[in-house]
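Structural description and commentary
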Amino acid sequence: MCGFNSFLLRLPVLKKAKTILFGGSFDPIHNGHLRVARDVFCQLNAGQLIFVPVRRSPHKTDSPVDGKHRVQMIRQATQNDPSFSVSECELNRPAPSYTLDTINFFREQLGEGTDLHWLIGADQLNDFDKWYKVSELLDACRVTVMYRAGYPKPEFNRFMGVLRADQVEKLARDVVQTPLIDISSTQIRLELANGQFPSDLLPQAVIEYIRLHNLYGFTG
Ligand code: ATP
């Protein structure tokens, strides 16, 4: 997935293993999620990437499609990526799903020898300082911010005074410059409900799944 050069870079095992945790609604998972996930996985030279579908985000008001379907769509979309998997840990906990609880869960599972990266798009920065126990979260893992089409380049000076200076510096150091893929689940849900067939936005297997289970009002 990462090409020959990256493969060579991956050989030495001197550094800490890296696990990328990619949380979100994935309602549904789309080609934007997949492109940036593969890009970050290669740039970080990570060992694994785990999708973590949220039960109910503290930051969103709409209820997502049932977690079982979202997990299955992620499985369909990542079936050819052996380093990608999906965790149901947030779906198995009562809502709302706090990221810090998820990081603590994975820390216990994977131990101190693993660098945990919590991956977010730049759109998530709007209210990032209001996240549940954000300071504790920043000390417990590496929050890795990606670029996102339609949003400004990640910039953290506005958090000075709210977060500790070393936390702001850590955020800035961990930014990953990902390709700008202008796709959102909102746009896809709208297109599906209007009977459009967003074949360039979703993996074929996900479209088939949506059709089979009549999700999002899709009747195509
Ligand atoms: P919605 O439109 O329903 O809000 P979304 O497309 O933003 O959904 P989510 O599942 O909410 O998708 O996103 C999960 C994570 O992936 C978030 O951190 C978000 O910033 C990031 N993300 C989603 N789409 C993209 C994209 N096209 N490029 C970069 N990051 C993305």
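Look up a bit, the structure's there.
Described in the following lines is the structure provided in the data block. Just so we're clear, the structure is a prediction, and the values are computed from it rather than from any experiment.

Rules behind the numbers
Residues numbered from 1 in each chain as written. Predicted model: local features only at pLDDT ≥ 70, side-chain atom pairs only at ≥ 80, totals over all residues. Heavy atoms only, no water. Disulfide = S-S within 2.5 Å. Pairing = 2+ DSSP bridges. Helix = DSSP H or I, 4+ residues; strand = E, 2+ residues; numbered from the N terminus. Axes fitted to C-alpha atoms, helices over the stretch in contact; angles between N-to-C directions. Contact = heavy atoms within 4.5 Å. Buried < 20%, exposed > 50% of the residue type's maximum accessible area, 1.4 Å probe, protein only. Lys, Arg positive; Asp, Glu negative; His and termini not counted. Salt bridge = Lys/Arg side-chain N within 4 Å of Asp/Glu carboxyl O. Expected span 1.5 Å × (residues − 1). Arc of directions from axis to C-beta. Near = heavy atom within 4 Å. Polar contact = N/O pair within 3.5 Å; in protein donor to acceptor, adjacent residues only side chain to side chain. Nonpolar A, V, L, I, M, F, W, Y, C, P; charged D, E, K, R; others polar.

1. Quick word on the state of the cysteines
Taken as a whole, this structure holds one disulfide when the rule is applied. With no disulfide of its own, Cys89 lies closest to Cys141 among cysteine sulfurs, the gap being 13 Å.

2. Examining the sheet that holds strand S3 (residues 84-86)
Strand pairing in a sheet takes place through backbone hydrogen bonds and is either antiparallel or parallel in direction. With parallel pairing, five strands are arranged side by side in an open sheet as S3-S2-S1-S4-S5. Looking at which strands have only one partner, the edges of the open sheet turn out to be S3 and strand S5 (142-146). For this sheet, the mean angle separating the axes of adjacent strands, direction not counted, is 30°. Taken together, the six bridges between strand S1 (residues 17-24) and strand S4 (residues 114-121) define a ladder with parallel strand orientation. Of the residues in S4, the one forming a bridge with Phe22 is Leu119. Here helix H3 (residues 67-77) sits on the sheet in contact with S1, strand S2 (48-53) and S3, set at roughly 155° to S2.

3. Let's talk about the side chain of Arg107
As for its position among the elements, Arg107 is in helix H4 (residues 99-110). No salt bridge forms around the buried Arg107; measuring N to O, its nearest opposite-charge neighbour Glu112 is 4.0 Å away. When near neighbours in sequence (up to four residues on either side) are disregarded, Arg107 contacts Glu112, Thr114, Leu116 and Ala140.

4. Description of H4
The end-to-end C-alpha separation of H4 is 16 Å, in line with the 16 Å expected for 12 residues at 1.5 Å each. Taken together, the buried positions of H4 are occupied by Thr99, Leu100, Thr102, Ile103, Phe106 and Arg107. Projection of H4 onto a plane perpendicular to its axis shows the buried side chains occupying an angular sector of 155°, all on one side. Seen from the buried face of H4, the exposed residues on the opposite side, beyond 90 degrees, are Glu108 and Gln109. Residues of H4 that are buried in the fold lie against S1, S2, S4 and helix H5 (134-140).

5. Structural notes on the site of the ligand
Lys60, Asp123, Arg148, Ser185 and Thr186 are the nearest of the 23 residues found near the ligand. His30 has a polar side-chain atom sitting 3.0 Å from an oxygen atom of the ligand. Between the ligand and Thr186 there is a distance of 2.4 Å, counted from an oxygen atom to a side-chain nitrogen or oxygen. Those elements that provide at least two residues to the shell around the ligand are S1, helix H2 (31-44), S4 and helix H7 (185-193). In the shell around the ligand, the residues fall into eight nonpolar, 11 polar and four charged.

6. A few points about the side chain of Asp81
You can see Asp81 is positioned in the loop between H3 and S3. Among the polar contacts listed, one links the side chain of Asp81 to the side chain of Arg38, at a separation of 3.0 Å.

7. Examining unusual backbone geometry
Where the residue is not glycine, phi is negative for most of them; where a peptide bond is considered, it is trans in most cases. With an omega of 5°, the peptide bond running from Asp27 to Pro28 counts as cis. Position of Pro28 among the secondary structure elements: in the loop between S1 and H2. A cis geometry characterises the amide bond from Ala95 onward to Pro96, with omega recorded as -5°. For Pro96, the location among the structural elements is in the loop between S3 and H4. Here Lys133, not a glycine, exhibits a phi torsion of approximately 45°, which is positive. Relative to the assigned elements, Lys133 resides in the loop between S4 and H5. Residue class for Lys133 comes out partly exposed when judged on its relative accessible area of 43%. Residues other than glycine seldom take positive phi values, yet Tyr216 does so here, at roughly 60°. Within the secondary structure, Tyr216 is located in the segment after helix H8 (204-212).

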